[in-house]
Amino acid sequence: LAIEPNRAYWARVQLAQNPKLAKHDVVDVAVIGGGLTGLSTAYYIRSTSPGKTVAVLEAMGCGNGASGRNGAMVLTMTADRYANFSSNSAMDTDIYKLTAGNIRSLSKLSTSTGVDCELETNGALQVFDNSADARDISRYVERARSLGMPVELWDAHRTAGAIGSEAYEGAFFDPNGGHVHPMKLVQVFRVAAERAGATIYENTVVEHVEEGKVHVLHMQDGQTLRAKSLVLASNAFTPNLGYFRNSILPLREYVAITRPLSDQELLDIGWKSRAPFNDSNAETYYFGLTVDNRIHIGGGSPRYDFNNSHDAAPEAGSQSTRLQQELVRVYPKLARIQFETTWDGIIDWSLDASPAVGYTGKYGNIFYGLGCSGHGVNLTSVFGRIIADLEAGREQAWTR
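Residues numbered from 1 in each chain as written. Predicted model: local features only at pLDDT ≥ 70, side-chain atom pairs only at ≥ 80, totals over all residues. Heavy atoms only, no water.

### Digging into the overall build of the protein chain
So, point 1. Each helix and strand in the protein chain was counted, giving eight helices and 19 strands.
So, point 2. Relative to the 2.2 N^0.38 estimate, which gives 21 Å for 400 residues, the radius of gyration of the protein chain is 21 Å and therefore close to what a compact globule would have.
So, point 3. Judged by the C-alpha coordinates and their principal axes, the protein chain covers about 60 × 45 × 45 Å.
So, point 4. When burial is assessed residue by residue, the protein chain has 57% of its 400 residues classed as buried.
So, point 5. The contacts of the protein chain with a sequence gap of at least 6 include a subset with a gap of at least 24, amounting to 75%.
So, point 6. If the 37 positive side-chain charges of the protein chain are averaged to one point and the 43 negative ones to another, these points end up 4 Å apart. (Helix = DSSP H or I, 4+ residues; strand = E, 2+ residues; numbered from the N terminus. Rg over C-alpha atoms; globule rule 2.2 N^0.38 Å. Buried < 20%, exposed > 50% of the residue type's maximum accessible area, 1.4 Å probe, protein only. Contact = heavy atoms within 4.5 Å. Lys, Arg positive; Asp, Glu negative; His and termini not counted. Charge placed at Lys NZ, Arg CZ, Asp CG, Glu CD.)

As structure tokens, this is what we get:
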């Protein structure tokens, strides 16, 4: 199990690590993974079932994986339904309302914990640069608005006025989207989970799961943890534990960030709305703006290594060059701006871009939330809420 340290700009504020699991122990619920899925699940289980003991097992430090090194966009919907309708428009509407409402919940939890995760809800844009995408987005927006979704279709002029770039023919605007500091959002859920009574162990690697009515989790350094319920919150690393190997692709994504831009530099490029945006291409690029005016860009061509390998990517340098070229293409005035730092790491992508949350196993006591496919900043804590209810036997609320 190869786990890389988080080298993202966001990781500079990662909290000091808790001690590792140093004894054999027994709990009601064991959560593998200390990212947003695992921490939110621990928080919601302890909040709704305070009598249960919950242990989170994180292989390195909380937020070390995709939760703490992503593209920082907070999006509604799921990847397969983003700017796209399924065959069930009523379900699409429900998922929009659920995910939009969850963003408001993130803001409230940030306030209640006292951890400012720098959540800005200025909306989010999907931009397009060809007439075919323009027609598709136009049809989507017309239908979405008829169903009560407050999305908008912007022409090239309005798009350029909002983000300061004339590289696109228009955009789909979702007023409920936003931008966040990913590692500070991890801190929100870590603080909330520990206050609720969950125990978090870091530098604790689960090597093997012995399934049963009571699971036995075997750690890399010999300890065991027994638990009636097991939560797989390991996202892209889940296939390494032997689960969902044919469902989850660990893809390597690349991100870079600039130094802080001065007020004049920001004024010169004209990113007035501060709304993050991504393009509509198959190999997507996405842009965001931090509270101290750093521009970050990610995406492009991801890498998949045969047999779900997590080997370091030797082409990281060339990927950084491509990100630089795309930054300058979109914002020509930034031709002399260099990246302060770049990073890469794996994310979980499902084969059909559709996420899955539920339970499995012979005894129905293994719970999971997987396949965020680029929408994980928001979806992970939706998963946490759902898993908490499923583990408590309250699945009726989510059956539809």
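Text resumes after the structure shown.
### Some points on the packing of aromatic side chains
So, point 1. Within this structure, the stated rule accounts for 15 aromatic pairs.
So, point 2. Where Phe287 meets Tyr331, the ring centres are 6.3 Å apart and the plane angle is 80°; that geometry is what we call edge-to-face. Pair noted here: Phe287 is in strand E14 (residues 285–289) and Tyr331 is in the loop between helix H7 (316–330) and strand E17 (339–350), with a separation of 44 residues, a long-range link.
So, point 3. Judged by relative accessible area, which is 1%, Phe287 ranks as buried.
So, point 4. Judged by its relative accessible area of 1%, Tyr331 falls in the buried class.
So, point 5. One Lys or Arg, Arg143, reaches over the ring of Phe85 and ends 4.5 Å from the middle of that ring. (Phe/Tyr/Trp six-rings, centres within 6.5 Å; stacked < 30°, edge-to-face > 60°. Lys NZ or Arg CZ within 6 Å of the ring centre and 35° of its normal.)

### Describing empty space enclosed by the protein
So, point 1. For the coordinates displayed, the defined rule picks out three cavities of 30 Å³ or more.
So, point 2. Lining the largest cavity are Ala2, Ile3, Glu4, Asn64, Gly65, Arg69, Phe237, Arg252, His310 and Ile346.
So, point 3. The residue makeup of the lining of the largest cavity, split by class, is four nonpolar, three polar and three charged.
So, point 4. Forming the boundary of the second largest cavity are Gln14, Leu15, Gly61, Cys62, Met183, Val186, Gln187, Arg190 and Glu202.
So, point 5. Looking at the lining of the second largest cavity residue by residue, the class counts come to four nonpolar, three polar and two charged. (1 Å grid on protein atoms, 1.4 Å probe; cavity = no way out; pocket = protein on both sides within 12 Å on 5 of 7 lines; lining within 4 Å. Points joined across faces, edges and corners; volume = space filled by probe spheres on them. Nonpolar A, V, L, I, M, F, W, Y, C, P; charged D, E, K, R; others polar.)

### Description of the side chain of Thr341
So, point 1. For Thr341, the position within the fold is in strand E17.
So, point 2. The contacts of Thr341, once residues within four sequence positions are left out, are Arg7, Tyr9, Arg12, Ala256 and Ile257.

### Topic: the pattern of salt bridges
So, point 1. The final tally for this structure, using the stated rule, is 20 salt bridges.
So, point 2. Between Arg400 and Asp94 there is a salt bridge whose closest N-O contact spans 2.1 Å. Of the two residues, Arg400 sits in the segment after helix H8 (376–391) while Asp94 sits in helix H2 (residues 89–113), which places them 306 residues apart along the sequence.
So, point 3. Taking the shortest distance from any N to any O, the salt bridge between Arg139 and Asp136 comes out at 2.6 Å. Linking Arg139 with Asp136, this pair stays in helix H3 (residues 131–146), spanning three residues, or about one helical turn.
So, point 4. Of the residues examined, Arg139 reaches a relative accessible area of 52% and is grouped as exposed.
So, point 5. Taken together, the salt bridges that share partners define one network made up of Arg12, Asp292, Arg294 and Glu340. (Salt bridge = Lys/Arg side-chain N within 4 Å of Asp/Glu carboxyl O.)

### Here's the deal with the nonpolar core
Inside soluble globular proteins, nonpolar side chains tend to come together where they are buried.
So, point 1. In terms of nonpolar packing, the biggest core is built from 66 residues, with Trp10, Tyr43, Phe172, Leu185 and Phe189 touching the most fellow members.
So, point 2. Looking at which element gives the most residues to this core, the answer is helix H5 (residues 182–196), with nine residues.
So, point 3. When near neighbours in sequence (up to four residues on either side) are disregarded, Phe172 contacts Tyr82, Ala83, Ala124, Leu125, Gln126, Phe128, Ile137, Tyr140, Val141, Val151 and Glu152.
So, point 4. Counting residues in hydrophobic clusters, the runner-up holds 28 residues, among them Trp154, Phe173, Trp271 and Ile337. (Core = buried A, V, L, I, M, F, W, Y, C linked by side-chain atoms within 4.5 Å.)

### Description of the packing of helix H1 (residues 36–48) against H8
Pairs of packed helices are described in terms of their axes, by the angle between the two and the distance that separates them.
So, point 1. Relative orientation of the contacting elements H1 and H8 amounts to 35°, with a least axis distance of 8 Å. H8 is crossed by H1, and the crossing has right-handed handedness. Along the contact surface, H1 presents Leu36, Thr37, Ser40, Thr41, Tyr44, Ile45 and Thr48, while H8 presents Val377, Thr380, Ser381, Phe383, Gly384, Arg385, Ile387 and Ala388.
So, point 2. Split into classes, the residues belonging to the contact of H1 with H8 amount to seven nonpolar, seven polar and one charged. (Axes fitted to C-alpha atoms, helices over the stretch in contact; angles between N-to-C directions. Left-handed = near helix turned anticlockwise from the far one by under 90°.)

### A few points about H3
So, point 1. Over its 16 residues, H3 extends 23 Å from the first C-alpha to the last, a length consistent with the 22 Å expected when each residue adds 1.5 Å.
So, point 2. Buried residues of H3: Asp133, Ile137, Tyr140, Val141 and Ala144, and no others. For H3, the arc enclosing every buried residue in end-on projection is 100°, short of the 170-degree limit, so these residues lie on one face. More than 90 degrees from the buried face of H3, the exposed residues found are Arg139, Glu142 and Ser146.
So, point 3. Summarising the contacts, the buried residues of H3 are in contact with strand E4 (124–128), strand E5 (152–155) and strand E6 (170–174).
So, point 4. Capping of H3 at its N-terminal end is provided by Asn130; its side-chain oxygen lies 3.2 Å from the backbone amide nitrogen of Ala132.
So, point 5. Trailing H3 by a residue or two, Gly148 shows a phi angle of about 95°, which is positive. (Expected span 1.5 Å × (residues − 1). Arc of directions from axis to C-beta. Polar contact = N/O pair within 3.5 Å; in protein donor to acceptor, adjacent residues only side chain to side chain.)

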